[in-house]
Every structure is written in structure tokens, then in C-alpha cells.
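One-letter residues, chain by chain:
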Amino acid sequence: MLDRTATKFSHVKPGDTDYVSGGLRDFFLYRDLGIADATHGKVIAHLVKANMAPETGTGWHRHEADFQIVIMLKGWARFMYEDKETLVQAGDCVHQRPGISHYLFDYSPDMEYLEIVSPADFKSIDVEPVCEIPAPTPWK
């Protein structure tokens, strides 16, 4: 049976929280959706959008997390998942299995995605490069 006392009801509207810098990557903006608070840190859900043109990308890393999905809402992003280049476009959903080495290296100016991760305080760990990274697409 679902324990309804372990989490809180949450309803966050667009004007309730702003996009802010200071998240995991300085070239993205993040909008908190209130899920980390509502789940007492079990899950985080935030919107992520492009803030600056891609230059170096995220670097090779992995996450210490039990669950992570990215749902692309607008635009597109190119990732390396291990040695496989993956184009993620609006409408796509990616499940990043725990511990997968990856690198987000290119994205459109209108890129925006929903990211859901458990636990909320997941860690990013830099890893050795898996392969060469293609150059990003210049913004016009």
C-alpha cells in the first residue's frame, strides 16, 4: 500500500518559481518544481533550459543516482552516452541508467527539458573520457 504520509501534496504553477542560475551547470538555467521538498529529498524534478551557447559542454561524468530521466520539451540536445552519439529532440524521453558515462556537448538555443532524478541530492562524478566529442553547432 502506498504511504501517503511520507510525501506532501505539491502544485507549482509557472509563476511560482523562476529560472535561476547557480545549478549544476552555469550555462543552463534551472526551475525548481517543488518535488524535492514534497518528497523529502527522495526525488527532484526541475526544468532545465539553455542559457549560453555550448562551448565545452558538461564534460564526461556519471551520476550517483538510482533513477534519472530527461524529457525534452523544446529544441534538441546532443549527448554522448558512453561511445554512442544520441540526438534527443522535443518529445523524446531518455532513461539514463545508473552510472552511465555521458557528456552533453551540443544543444539548441531553445533547448528545454524536464529532468527527474532520485535521490534529489544525487552526485555528479567526473570520469575519464570515453571517446572524442564532436564540435558543437554554433548559434547564429
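Residues numbered from 1 in each chain as written. Predicted model: local features only at pLDDT ≥ 70, side-chain atom pairs only at ≥ 80, totals over all residues. Heavy atoms only, no water.

**Overview of the overall build of the protein chain**
- Secondary structure summary: the protein chain contains one helix and ten strands in total.
- Radius of gyration (C-alpha) of the protein chain: 15 Å, near the 14 Å computed for a compact globule of 140 residues.
- For the protein chain, the C-alpha atoms occupy an extent of roughly 50 × 30 × 25 Å along the three principal directions.
- Classification of the 140 residues of the protein chain by burial places 41% in the buried group.
- Counting only contacts in the protein chain whose residues sit at least 6 apart along the sequence, the fraction spanning at least 24 positions is 70%.
- Put simply, the protein chain shows about 8200 Å² of open surface, and 54% of that area lies on carbon and sulfur atoms.
- Positive and negative side-chain charges in the protein chain, numbering 14 and 21 respectively, have mean positions lying 6 Å apart. (Helix = DSSP H or I, 4+ residues; strand = E, 2+ residues; numbered from the N terminus. Rg over C-alpha atoms; globule rule 2.2 N^0.38 Å. Buried < 20%, exposed > 50% of the residue type's maximum accessible area, 1.4 Å probe, protein only. Contact = heavy atoms within 4.5 Å. Areas by Shrake-Rupley, 256 points an atom, 1.4 Å probe, with all protein chains shown as cover. Lys, Arg positive; Asp, Glu negative; His and termini not counted. Charge placed at Lys NZ, Arg CZ, Asp CG, Glu CD.)

**Some remarks on the nonpolar core**
- Of all hydrophobic cores here, the largest spans 17 residues; its most connected members are F28, A77, L104, Y107, M111 and Y113.
- Counting only elements with at least two residues in this core, the list comes to β1 (28-32), β2 (44-50), β4 (67-74), β5 (76-81) and β8 (102-107).
- In terms of residue count, β5 provides more of this core than any other element does, three residues in total.
- If sequence neighbours within four positions are ignored, L104 has contacts with F28, G57, T58, A77, R78, F79 and Y113.
- Counting residues in each nonpolar core, the second largest holds five residues, with I44, A65, A120 and F122 among its members. (Core = buried A, V, L, I, M, F, W, Y, C linked by side-chain atoms within 4.5 Å.)

**What to know about the UniProt feature "domain: Cupin type-2" (unreviewed entry) in the protein chain**
- UniProt feature "domain: Cupin type-2" (unreviewed entry): in the numbering of this structure it lies at residues 51-104.
- Secondary structure content for residues 51-104 is 0% helix and 56% strand, and the end C-alpha separation is 14 Å. (UniProt positions renumbered as here; feature names shortened; annotations may be inferred.)

**Looking at the pattern of salt bridges**
- A full pass over the atoms with the stated rule returns five salt bridges.
- The shortest N-O distance in the salt bridge between K74 and E112 comes to 3.5 Å. Of the two residues, K74 sits in strand β4 while E112 sits in strand β9 (residues 112-118), which places them 38 residues apart along the sequence.
- Ionic pairing is found between E82 and R97, a salt bridge with its closest N-O pair at 2.6 Å. You can see E82 sitting in the loop between β5 and β6 (84-89) and its partner R97 sitting in the loop between β7 (93-95) and β8, a full 15 residues away along the chain.
- A residue is classified by how much of its surface remains accessible, and E82, at 31% relative accessible area, is partly exposed.
- Owing to a relative accessible area of 40%, R97 belongs among the partly exposed residues under this scheme.
- The network of salt bridges with shared partners includes R78, E85 and D106. (Salt bridge = Lys/Arg side-chain N within 4 Å of Asp/Glu carboxyl O.)

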